[in-house]
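So the chains spell out like this:
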Amino acid sequence: MRTFRIFFNTIKTLSLKKIMRLLSLVLPHPIFSLLSFYATAQAFTIAQKKFPKTASNNGIGNAFRHALWTCFIMMYCCKVSSPRKALNFCKRITDMHEDLFPNKPLETKMDLHNNKIGMDYFMELLPGIHRQFFEKGFFIDALEKKMADAKVLKNPDDNFEGFLVYLDEK
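Going along each chain's sequence as written, the residues are numbered from 1 onward. Selection of residues for local features in this predicted model requires a pLDDT of at least 70, selection of side-chain atom pairs for listing and counting requires 80 or more, and totals for whole chains, interfaces and linings are taken over all residues. In computing side-chain properties, one takes all heavy atoms of the structure into account and sets aside hydrogens as well as water.

1. Description of the overall build of the protein chain
No. 1: Secondary structure assignment for the protein chain yields seven helices and two strands.
No. 2: In DSSP terms, a helix is any run of H or I states spanning at least four residues, a strand is any run of E spanning at least two, and both are numbered starting from the N terminus. Listed by position from the N terminus, the elements making up the protein chain come as α-α-α-α-α-α-α-β-β.
No. 3: The globule rule used for comparison is 2.2 Å times the number of residues to the exponent 0.38, while the radius of gyration itself is calculated over C-alpha atoms. For 170 residues, the compact-globule estimate of 2.2 N^0.38 gives 15 Å, and the C-alpha radius of gyration of the protein chain, at 15 Å, lies within 12% of that figure.
No. 4: Seen along its three principal axes, the alpha-carbon backbone of the protein chain occupies a region of about 40 × 40 × 30 Å.
No. 5: Think of it in three bands: residues with accessible area under 20% of the maximum for their type are buried, residues over 50% are exposed, and the middle band is partly exposed, with areas taken using a 1.4 Å probe on protein chains only. Put simply, the protein chain has 170 residues, and 43% of those count as buried.
No. 6: Here, residues are in contact when the closest pair of their heavy atoms is within 4.5 Å. In the protein chain, of all internal contacts separated by at least 6 residues, the share reaching a separation of at least 24 is 69%.
No. 7: Summed over all atoms, the accessible surface of the protein chain reaches about 9700 Å², with 60% contributed by carbon and sulfur. Computed with a 1.4 Å probe, the accessible areas rest on the Shrake-Rupley method; for each residue, only the protein chains presented here act as cover.

2. Quick notes on the packing of aromatic side chains
No. 1: Classification of ring pairs rests on two measures: the distance between centres of Phe, Tyr or Trp rings, Trp counted by its six-membered ring, which must be within 6.5 Å, and the angle between planes, read as stacked under 30 degrees, edge-to-face over 60 and tilted in between. What the rule picks out here adds up to eleven aromatic pairs.
No. 2: Members of the aromatic cluster, each reached through a chain of ring pairs, are Tyr38, Phe72, Tyr76, Tyr121, Phe122, Phe134, Phe138 and Phe139.
No. 3: Placement of a positive charge over a ring is assigned whenever Lys NZ or Arg CZ falls within 6 Å of the ring centre and within 35 degrees of the normal to the ring plane. Its guanidinium or amino end placed over the ring of Phe163, Lys151 lies 4.6 Å from that ring's centre, counting from NZ or CZ.

3. Considering the environment of Lys91
No. 1: If you trace the backbone, Lys91 turns up in helix α5 (residues 83-100).
No. 2: Since its relative accessible area comes to 42%, Lys91 is described here as partly exposed.
No. 3: Through-space distance from the C-alpha of Lys91 to that of Glu161 is 17 Å; in sequence the pair is 70 residues apart.

4. What about a nonpolar patch on the surface?
No. 1: Together, Leu16, Met20, Leu23 and Leu27 make up an exposed nonpolar region whose accessible area comes to about 430 Å².
No. 2: With respect to the helices and strands, the residue Leu16 is situated in helix α2 (residues 16-26).
No. 3: The exposed category is assigned to Leu16, whose relative accessible area is 64%. The patch calculation keeps residues exceeding 30% relative accessible area without a salt bridge and links them within 9 Å when they carry like charges or within 5 Å when they are nonpolar (Val, Leu, Ile, Met, Phe, Trp, Tyr). In what follows, salt bridge is the name for a side-chain nitrogen of Lys or Arg lying within 4 Å of a carboxyl oxygen of Asp or Glu.

5. Observations concerning the nonpolar core
No. 1: For this analysis, a nonpolar core means a set of buried residues of the types Ala, Val, Leu, Ile, Met, Phe, Trp, Tyr and Cys, connected via side-chain atoms within 4.5 Å. Ranked by internal contacts, the top residues of the largest apolar core, which has 50 residues, are Phe64, Leu68, Phe72, Phe122 and Phe139.
No. 2: Among the elements of the structure, α2, α3 (30-50), α4 (60-78), α5, α6 (105-125), α7 (136-147) and β2 (165-166) are those that each provide at least two residues to this core.
No. 3: Per-element tally for this core: the top contributor is α4, with 13 residues.
No. 4: Setting aside its immediate chain neighbours within four residues, Phe64 contacts Ile46, Ala47, Lys50, Phe51, Ile140, Leu143, Glu144 and Met147.

6. Digging into the side chain of Asp158
No. 1: Position of Asp158 among the secondary structure elements: in the loop between β1 (151-152) and β2.
No. 2: When charges are counted, neither His nor the chain ends are considered; positive counts come from Lys and Arg and negative counts from Asp and Glu. Buried and unpaired, Asp158 has no salt bridge, with Lys154 as the nearest side chain of opposite charge at 7.4 Å.
No. 3: A distance of 2.9 Å separates a polar side-chain atom of Asp158 from the backbone nitrogen of Lys154.
No. 4: Excluding anything up to four places from it in sequence, Asp158 contacts Lys109, Val152 and Leu153. Identification of polar contacts relies on pairs of N or O atoms within 3.5 Å, with a donor-acceptor requirement for protein atoms, meaning one able to donate a hydrogen and the other able to accept it, and with residues adjacent in sequence counted only if both atoms are side-chain atoms.

7. Some thoughts on the packing of α3 against α4
No. 1: To get an axis, fit a line to the C-alpha atoms, keeping to the stretch in contact for a helix; angles then go from 0 to 180 degrees between the N-to-C directions. Between α3 and α4, the least distance of the axes is 8 Å, while the angle of their chain directions is 145°. As α3 packs across α4, the resulting crossing turns out to be right-handed. For the pair α3 and α4, the contacting residues are Phe32, Leu35, Ser36, Tyr38, Ala39, Thr40, Gln42, Ala43, Phe44, Ile46, Ala47 and Lys50 in the first and Gly61, Phe64, Arg65, Leu68, Trp69, Phe72, Ile73, Tyr76 and Cys77 in the second.
No. 2: Classes in brief: Ala, Val, Leu, Ile, Met, Phe, Trp, Tyr, Cys and Pro nonpolar; Asp, Glu, Lys and Arg charged; the others, Gly included, polar. A per-class count over the contact of α3 with α4 returns 15 nonpolar, four polar and two charged. The hand of a helix crossing depends on one turn: near helix anticlockwise from the far one by less than a right angle means left-handed, and clockwise means right-handed.

8. What about α3?
No. 1: A helix is expected to span 1.5 Å for every residue after the first. A rise of 1.5 Å per residue sets the reference length of α3, with its 21 residues, at 30 Å; its end C-alpha atoms lie 30 Å apart and thus fit the reference within 8%.
No. 2: Every buried residue of α3 is accounted for by Phe32, Ser33, Leu35, Ser36, Ala39, Ala41, Gln42, Ala43, Ile46 and Ala47.

9. As for the pattern of salt bridges
No. 1: Within this structure, the stated rule accounts for five salt bridges.
No. 2: The closest approach of N and O atoms between Lys50 and Glu144, which form a salt bridge, is 3.2 Å. Linking Lys50 in helix α3 with Glu144 in helix α7, this pair joins segments that are 94 residues apart in sequence.
No. 3: A salt bridge links Glu161 to Lys116; its shortest N-O distance comes to 3.8 Å.

Next comes the structure, spelled out in structure tokens:
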């Protein structure tokens, strides 16, 4: 119930133009949209439990949450469609999220980078595991390990390809 309240309070903050833009993506893909909403709630809940101090700000928990979020979207959407279509939708919906709820440029770069890490990680695992057999634990454990090597993003020109990134909030 709390998740739905957060969702509807968030939607209420959008302008009509932004709501129409969101609808133009979700209405043609109702199953993907529902699965993405479910993935969002799951990733948020897990990140909050594991990283209560940093999951909702720009710390390392946020990096984990964004990568986990995209892994979950990919996992759920691949169960009902092809990996190519799931990847396309995942990229579009997560990029749109950053457009609809703008942050400072460095925060946006961090979020988009970590989203890509999650999508890339899923696609890296795909050849070795049939898409119907993916489980949440595959991603949680692996992303926690990736956090050990996470980098602090300090300026927009930083390039930490393959690493989770976060902002130093000190």
